[in-house]
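Chain by chain, the residues:
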Amino acid sequence: MIVSETVKKCIKKDIPFAFIRLPKDKKIYLIKEDKNGIYTYSFQSFDDSKKYTLQFSEFIEVKDITTLNDLIIPLSKNENTRVISENEYLSLLKKTIHYIYQKKTDKIVISREKWIDKDTINPLQSFGFLCKRYPTSFCHISYWNQNEIWMGATPEILGSYENTLFTTMALAGTLPDVDSIPWENKEIEEQKYVTDYIGEKIKTYASKFTINGPETLHLGHVKHLITYLTAELKNSNLLTELITSLHPTPAVCGIPLEKSRNYILSNEGYNRGFYAGYIGLETTEYKKYFVNLRCAQLYNNGALLYVGGGITAQSNPKKEWMETELKAKFIGESL
Ligand SMILES: C=C(O[C@H]1C=CC=C(C(=O)O)[C@@H]1O)C(=O)O
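This one's a predicted model, so the numbers in the text were calculated from it and none came from an experiment.

Asks: Teacher, can you tell me more about helix α6 (residues 257-267) here?
Replies: Each α-helix turn comprises 3.6 residues. Residues three or four places apart therefore point the same way. Those residues of α6 that sit buried are L257, S260, R261, Y263 and I264. Down the axis of α6, the buried side of the element spans an arc of 165°, and every buried residue falls inside it. Buried positions along α6 lie against α2 (86-101), β6 (107-117), α4 (185-205) and β13 (254-255). Remark: G269 follows α6 within two positions and exhibits a positive phi of approximately 80°.

Structure, rendered in structure tokens:
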């Protein structure tokens, strides 16, 4: 009761709120803006030009999300639903592979928007589906204002800090999640770039540094290679600097960083906004940051999904297109 009343009030006054579920946790919480709160929940855009922050004072537990299926979250209309076509995307991928061949970069992550027409979206029902389907992901539905409602189930942690221990992961390389398709050089190399890059960054800020992996992370539609990195921070004040220096990792941008970022911003042809940016959850006990992947913006005429993949000299454009189609199923199937 308290949950639905709180949400209704927030919607009426256009106050930001979010439903969140941490990885490997069963509990779903509602958090809502309270200017006196000392905890924060935030979205930072890919290009660092935009940030939304919600201060909150409590985690309101949602015992059974299905009881909220009738709670209406009003969605606005997306008037601009034109997105890149398959052929246009294949051309962009070919151009990118050519650019990489000229030895200007090792890897660039290319992405696109995918529009799904649907006028019957029930955000909380979809969020409930994501929480069940992806127990190891960070699932959220984040209401920033009537025109910006994001939903996602991201498997990627940018950084987590608790009891002086900093943990992160190098997540990259994607294949359909079936045993008969083995990891090949392309994925192994693509993921190693990320591990090496993150490892080097952490070393500057930490001691007692350990690396475990890579191993396979199974997510149903796709599997990824994942390496876990753990370290003691030299000083807790360094956390913000470390997170800022880690973003964007080569899992969402590329190597070398600046060339890849410039290439993305001038060639992708759309604004990533908060996709491939990061979501922060900061409390007095811990601070966690998630890369905003497998996400979408919700509207009353459909959903705008964001999907991408790492391109290297060994990439096959058609396979890369198929990979983004598979990634689109994360959100697509929940609608
Ligand atoms: C950029 C995305 O995924 C990243 C995370 C895991 C695997 C990836 C890959 O195989 O390309 C990407 O680096 C996305 O899901 O939109």
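Asks: How do you make sense of the site of the ligand when you look at a structure like this?
Replies: Around the ligand there are 18 residues in total, and T174, A251, Y275, R294 and G310 lie nearest to it. One nitrogen or oxygen atom from the main chain of G173 is found 3.1 Å from an oxygen atom belonging to the ligand. G308 is positioned with one of its backbone polar atoms (N or O) 2.9 Å from an oxygen atom of the ligand. Elements that contribute at least two residues to the shell around the ligand include exactly β10 (165-176), β17 (302-311) and α7 (317-332). For the shell around the ligand, the class distribution of residues is seven nonpolar, six polar and five charged.

Asks: Is there a simple way to explain the pairing of strand β11 (residues 206-218) in this structure?
Replies: Here β11 runs beside strand β12 (residues 222-233); their pairing, made up of nine bridges, is antiparallel. Following the sheet pairing, I211 is matched in β12 by L229. With antiparallel pairing between neighbouring strands as the criterion, β11 and β12 make up a hairpin whose turn holds three residues, including G220 at a positive phi of roughly 100°.

Asks: Help me understand the confidence of the model for the chain in this model?
Replies: Detailed reading of the predicted coordinates is not advisable wherever pLDDT is low. Averaged over the chain, the pLDDT score is 96; the fraction of residues at 70 or greater is 100%. Confidence metrics for the complex model read pTM 0.97 and ipTM 0.99.

Asks: Sorry if this is basic, but what is going on with the nonpolar core here?
Replies: Nonpolar side chains tend to gather and get buried jointly when the protein is soluble and globular. If you look at the biggest cluster of nonpolar residues, it comprises 69 residues, and the most contacted ones within it are Y41 and F166. When residues in this core are grouped by element, the largest group, seven residues, is from α2. Core analysis: the second largest hydrophobic core is formed by 43 residues, L75, A296, L305 and L335 among them.

Asks: Quick question: what am I supposed to make of the UniProt feature "domain: Chorismate-utilising enzyme C-terminal" (unreviewed entry) in the chain here?
Replies: The sites that carry the UniProt feature "domain: Chorismate-utilising enzyme C-terminal" (unreviewed entry) are, in the present numbering, residues 86-327. Helix makes up 32% of residues 86-327 and strand makes up 40%, while its end C-alpha atoms are separated by 15 Å.

Asks: Help me out: how do you make sense of the pattern of salt bridges in this one?
Replies: One side chain can pair with another of opposite charge once the charged atoms of both are near each other. Evaluated as defined, the whole model comprises 16 salt bridges. A salt bridge links K288 to E162, with the shortest nitrogen-to-oxygen separation between them at 3.6 Å. On the criterion of sequence distance, the pair formed by K288 in strand β15 (residues 286-291) and E162 in strand β9 (residues 157-162) is long-range, its members being 126 residues apart. Here K288 falls in the buried class, since its relative accessible area comes to 15%. We classify E162 as partly exposed; its relative accessible area is 29%. In this structure, K327 and E323 form a salt bridge, with 2.8 Å as the shortest nitrogen-oxygen distance. Note that K327 and E323 are positioned in helix α7 at a spacing of four residues, about one turn of the helix. Judged by relative accessible area, K327 falls into the buried class, the value being 8%. Assessed through its relative accessible area of 10%, E323 is described here as buried. Within the structure, one salt-bridge network assembled from shared partners comprises R112, K114 and E325.

Asks: I'm lost on the sheet that holds β9 in this one. Help?
Replies: Within a beta sheet, neighbouring strands are joined by backbone hydrogen bonds and run either parallel or antiparallel to one another. The sheet built from eight strands is open, its strands ordered β4-β3-β14-β15-β9-β10-β12-β11 with antiparallel pairing. The outermost strands of the open sheet, each flanked by one partner alone, are β4 (51-56) and β11. Recorded for the sheet is a direction-independent mean angle of 15° between the axes of neighbouring strands. Here six bridges tie strand β3 (residues 39-44) to β4, and the two strands are oriented antiparallel to one another. Pairing of F43 across the sheet is with Y52, part of β4. In the packing of α4 onto the sheet, contacts are made with β10, β11 and β12, and the angle to β10 comes to roughly 170°.

Conventions used here
- Residues numbered from 1 in each chain as written.
- Predicted model: local features only at pLDDT ≥ 70, side-chain atom pairs only at ≥ 80, totals over all residues.
- Heavy atoms only, no water.
- Buried < 20%, exposed > 50% of the residue type's maximum accessible area, 1.4 Å probe, protein only.
- Helix = DSSP H or I, 4+ residues; strand = E, 2+ residues; numbered from the N terminus.
- Arc of directions from axis to C-beta.
- Contact = heavy atoms within 4.5 Å.
- Near = heavy atom within 4 Å.
- Polar contact = N/O pair within 3.5 Å; in protein donor to acceptor, adjacent residues only side chain to side chain.
- Nonpolar A, V, L, I, M, F, W, Y, C, P; charged D, E, K, R; others polar.
- Pairing = 2+ DSSP bridges.
- pLDDT = per-residue confidence, 0-100.
- Core = buried A, V, L, I, M, F, W, Y, C linked by side-chain atoms within 4.5 Å.
- UniProt positions renumbered as here; feature names shortened; annotations may be inferred.
- Salt bridge = Lys/Arg side-chain N within 4 Å of Asp/Glu carboxyl O.
- Axes fitted to C-alpha atoms, helices over the stretch in contact; angles between N-to-C directions.

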